[in-house]
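# Summary of structural features
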Amino acid sequence: MVDDLYQEIILDHSKRPRNCHTMLDATGTAQGFNPLCGDKLELYLKVEDGIVKDASFVGSGCAISTASASLMTESLKGKTREDALQMLEKFHDLLTTDSPVTSELGKLVVFCGVKDYPARVKCATLAWHTLKSALTNSDEPATTE
Ligand code: ZN
């Protein structure tokens, strides 16, 4: 079952999140908050020559939000700012529309099942909302509301 495999990946990333640390030489940071669930995270990005060289986060939240931040930071490395913003759009579409799953999202497709749980969609997209603030250097804290 594909669903079981996806569940397993989400569980793995929520228990052992990757890139879960602060970053002293970050070029962009942003904070995100999902009041619906209480998920909080702080995102760190190191962008050089328009390319995301490194990404990390710290935070406290539910399994979905933690796994999403973990998989997002993994997926971001080596992407251009434009690629990252495009990935954000595709990820958002995956969770909110019936658009077909695209292979461009790579491992991020594991979250496609979240679409069936509208309350959890914000948990899965929190890291991405925060990413947008970090990339656009907005001073406003990102919120899913
Ligand atoms: Zn949550």
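Residues numbered from 1 in each chain as written. Predicted model: local features only at pLDDT ≥ 70, side-chain atom pairs only at ≥ 80, totals over all residues. Heavy atoms only, no water.

Here we come to the pairing of strand β3 (residues 51-60). Both strand β2 (residues 39-48) and β3 contribute to a ladder of nine bridges, which runs antiparallel. Paired with Lys46 across the two strands is Asp54, which belongs to β3. Between β2 and β3, which pair antiparallel one after the other, the connecting turn spans two residues, and Asp49 there sits at a positive phi close to 55°. (Pairing = 2+ DSSP bridges. Helix = DSSP H or I, 4+ residues; strand = E, 2+ residues; numbered from the N terminus.)

For helix α2 (residues 63-76), with 14 residues, the first-to-last C-alpha span of 20 Å sits near the 20 Å given by 1.5 Å per residue. The buried count for α2 comes to twelve of 14 residues, which makes it a mostly enclosed element. Inspection of α2 places Ile64, Ser65, Thr66, Ala67, Ser68, Ala69, Ser70, Leu71, Met72, Thr73, Ser75 and Leu76 among the buried residues, and these make up the whole buried set. (Expected span 1.5 Å × (residues − 1). Buried < 20%, exposed > 50% of the residue type's maximum accessible area, 1.4 Å probe, protein only.)

Right, let's talk about the side chain of Thr66 for a bit. When you line up the elements, Thr66 lands in helix α2. A relative accessible area of 15% means that Thr66 is categorised as buried. Discounting residues that sit within four places of it in the chain, Thr66 has contacts with His13, Ser14, Pro17, Phe57 and Gly61. (Contact = heavy atoms within 4.5 Å.)

Direction vectors running N to C along α2 and helix α4 (residues 118-136) enclose 35°, while the axes themselves pass 8 Å from each other. Between α2 and α4 the crossing geometry is right-handed. Counting all contacts with α2, which are made through Ile64, Ser65, Ser68, Ala69, Met72 and Leu76, the residues of α4 involved are Arg120, Cys123, Ala124, Ala127, Trp128 and Leu131. Residues belonging to the contact of α2 with α4 are distributed by class as follows: nine nonpolar, two polar and one charged. (Axes fitted to C-alpha atoms, helices over the stretch in contact; angles between N-to-C directions. Left-handed = near helix turned anticlockwise from the far one by under 90°. Nonpolar A, V, L, I, M, F, W, Y, C, P; charged D, E, K, R; others polar.)

Geometrically, a pair of aromatic rings is defined through the distance of the ring centres and the angle of the planes. Scanning all chains against the criterion turns up two aromatic pairs. Ring centres of Phe91 and Trp128 lie 5.0 Å apart, and the angle between their planes is 25°; on these two criteria the pair is classed as stacked. Taken together, the positions of Phe91 in helix α3 (residues 81-96) and Trp128 in helix α4 put the pair 37 residues apart, joining distant regions of the chain. An aromatic cluster of at least three residues, connected via ring pairs, comprises Phe91, Phe111 and Trp128. (Phe/Tyr/Trp six-rings, centres within 6.5 Å; stacked < 30°, edge-to-face > 60°.)

Consecutive side chains along a regular strand alternate between the two faces of the sheet. Side chains Gly28, Ala30, Gly32 and Asn34 project from strand β1 (residues 28-34) onto a buried face, and the interleaved Thr29, Gln31 and Phe33 project onto a face without burial. Between the end of β1 and the start of β2, which pair antiparallel, lie four residues, with Gly38 showing a positive phi angle near 90°. With two bridges joining them, β1 and strand β4 (residues 142-143) adopt parallel strand pairing. When the bridges of β4 are listed, Phe33 appears paired with Thr143.

We now examine the sheet that holds β2. Spatial ordering of the open sheet is given by β3-β2-β1-β4, a layout of four strands whose pairing is mixed. Here the strands that pair on one side only, and so sit at the sheet edges, are β3 and β4. Set on the sheet, α2 makes contact with β2 and β3; between it and β3 the angle comes to about 165°. Sheet strands in contact with α4 are β1, β2 and β4, and its direction is about 40° off that of β2.

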